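If you want the building blocks of each chain, they are given just below.
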Amino acid sequence: MSLLSVIVPCYNEEENVAPFYEELLKNESYFKENDIEVEILYIDDGSRDKTVAEVRKLHEKDGRVRLISFSRNFGKEAAMYAGLENSRGDYVVMMDADLQDPPALLPEMFAGIKEGYDSVATRRVDRKGEPPIRSFFARRFYSLMKKISKTEMMDGARDYRLMTRQMVDAILSMQEYNRFTKGIFGWVGFRTKWLEFENVERLRGETKWNFWKLLMYSFDGIMAFSTAPLLISSLMGVFFCVVAFAMIIFIIVRKIIFGDPVSGWPSMVCIILMTSGIQFFCTGILGQYLAKTYMEVKRRPIYLVREEL
Ligand code: UDP
Ligand code: MG
């Protein structure tokens, strides 16, 4: 017998809790045949709707359903971490509550583990049903990450992933506060098999991510797994010094030949504005890293539990 922990982060998913449970247990015969026991770990990320009540109903009916409820909304990253930390399974899989990660793929994922892989991850090959502008920026993000970070991140990768206990423990050993799971998966390494599937639209309810939140999340990702922005600001400094030096020489030569030192002040104002802008920009980048470091050294807990079943 082996135990599979299914981690389901939920934030205001009252309508999806029960349908998810039913959909997952469509694999029941597969689990039985392969001697797999399951525990379903719903992580309630401070929902303000009836998510907790829905999970409690399931828990009373089926003891395999567990609940960890946060004291407030800590974000999906925290929910995933809590799930991993509280999972007891030999295998762990993470799935969204909205059924965008089809549980029907589980047998195929297990087949990958049997082939000897440490984890089987999924990626969607299209972004059907997503606003085009979002897809565009998502693509830009992944191609940028490829260039500026050594950590591998797959375009279209979902957090839907089956892992062995060994890999889960490796992920848990990364205790950072600013978590970016897509990067953490790549960072820990191990042998990963990729399954592809076509995008499924959310069952019910609304996505929790708007464009702005995603943009901020992508900045977090860049800062957590790359220091390239710092390098870029240093290079910009060097570039502007070189330009300034060339201009000094130009102005001296012009003064000697034409003898008019006053003309050209509008261009001077523009240059001053631009360089001071760039200075602010670079200080800002530095400040962002400092802020992340500040949050990191505080060593605050990643999540707080209010209730557990
Ligand atoms: N989620 C969460 N905390 C949050 C936001 C989202 O636990 O602060 C959960 C949400 O309930 C869902 C999953 O993360 O199970 C993915 O969220 P969503 O479907 O809104 O994202 P999308 O699929 O649109 O990227
Ligand atoms: Mg979703």
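Criteria and thresholds
Residues numbered from 1 in each chain as written. Chains lettered and ligands numbered in written order. Predicted model: local features only at pLDDT ≥ 70, side-chain atom pairs only at ≥ 80, totals over all residues. Heavy atoms only, no water. Helix = DSSP H or I, 4+ residues; strand = E, 2+ residues; numbered from the N terminus. Rg over C-alpha atoms; globule rule 2.2 N^0.38 Å. Buried < 20%, exposed > 50% of the residue type's maximum accessible area, 1.4 Å probe, protein only. Contact = heavy atoms within 4.5 Å. Areas by Shrake-Rupley, 256 points an atom, 1.4 Å probe, with all protein chains shown as cover. Lys, Arg positive; Asp, Glu negative; His and termini not counted. Charge placed at Lys NZ, Arg CZ, Asp CG, Glu CD. Near = heavy atom within 4 Å. Polar contact = N/O pair within 3.5 Å; in protein donor to acceptor, adjacent residues only side chain to side chain.

> Could you give an account of the overall build of the chain, naming the residues involved and the relevant values?
When helices and strands are tallied, the chain shows 11 helices and 8 strands. A globule of 309 residues ought to have a C-alpha radius of gyration of about 19 Å, yet the chain, at 25 Å, is considerably larger. Seen along its three principal axes, the alpha-carbon backbone of the chain occupies a region of about 90 × 40 × 35 Å. Here the chain holds 309 residues, and 45% of them are scored as buried. Across the chain, the fraction of contacts at a sequence separation of at least 24, relative to all contacts at a separation of at least 6, is 83%. Total accessible area on the chain stands at roughly 16900 Å², and carbon and sulfur atoms take up 62% of it. Of the side-chain charges in the chain, 41 are positive and 41 negative, and the distance between the mean point of each set is 6 Å.

> Break down unusual backbone geometry for me, citing the residues and quoting the values.
Despite not being glycine, aspartate 35 has its phi angle at roughly 55 degrees, a positive value. Here aspartate 35 is to be found in the loop between helix H2 (28–33) and strand E2 (36–44). Positive phi, close to 65 degrees, is recorded for leucine 99, a residue that is not glycine. By the element assignment, leucine 99 lies in the loop between strand E4 (91–94) and helix H5 (106–114). We classify leucine 99 as buried; its relative accessible area is 13%.

> Describe the site of ligand 1, listing the residues and the values that go with them.
Close contacts around ligand 1 come from 16 residues, with Glu13, Asp45, Asp98, Gln100 and Thr207 the closest. Note that an oxygen atom of ligand 1 is positioned 2.6 Å from one of the side-chain N or O atoms of threonine 207. About the coverage of ligand 1: the protein hides 89% of its 530 Å² of free accessible area.

By themselves, these observations are geometric and do not establish any function.
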